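# Close look at the chain arrangement
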Amino acid sequence: MQQRHGYNRQKKEAGILGSVLELSENERKQLHERAAYLKEQRDKLVAMKKEQREKHLPKNTETQHVPPTLETKEMSEEEKQKIQKRKHLAEKLKQEVIKK
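Residues numbered from 1 in each chain as written. Predicted model: local features only at pLDDT ≥ 70, side-chain atom pairs only at ≥ 80, totals over all residues. Heavy atoms only, no water.

### Considerations on the overall build of the protein
Helix and strand counts for the protein stand at two helices and four strands. Beginning at the N terminus, the succession of helices and strands in the protein can be written as β-β-β-β-α-α. Looking at the protein as a whole, 3% of its 100 residues qualify as buried. (Helix = DSSP H or I, 4+ residues; strand = E, 2+ residues; numbered from the N terminus. Buried < 20%, exposed > 50% of the residue type's maximum accessible area, 1.4 Å probe, protein only.)

### A word on the pattern of salt bridges
Opposite charge on two side chains permits pairing when their charged atoms draw close. Under the criterion given, the structure shown has two salt bridges. The salt bridge partner of K44 is E40, with a shortest N-O separation of 3.6 Å. With K44 and E40 both in helix 1 (residues 25-64) and four residues apart, the pair spans about one turn of that helix. In this structure E40 comes out as partly exposed when scored by relative accessible area, which is 43%. Salt-bridge contacts for D43 lead to R42; the nearest nitrogen and oxygen are separated by 3.6 Å. We classify D43 as partly exposed; its relative accessible area is 46%. (Salt bridge = Lys/Arg side-chain N within 4 Å of Asp/Glu carboxyl O.)

Written as structure tokens, this is what we have:
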């Protein structure tokens, strides 16, 4: 192994320095138990976060849901009015610019 800054670079697994092959049987057992415990804790956290997301997600989608047919009809009428106004203003501006 390379020496760097006065210490050996060793693989660190679950809080134990050194190679897994160099561990005693008891240390290996402890390592496996710790790994299993950490996996269990991780699974619990993932499950909790998933439940929280699922609780918040339906609330957000229900409040934001608008029937698409009504929204598009209203928007299209409003857009038509806006376009008509813009065309009218553009025509007025053309006439004023041309007359000057």
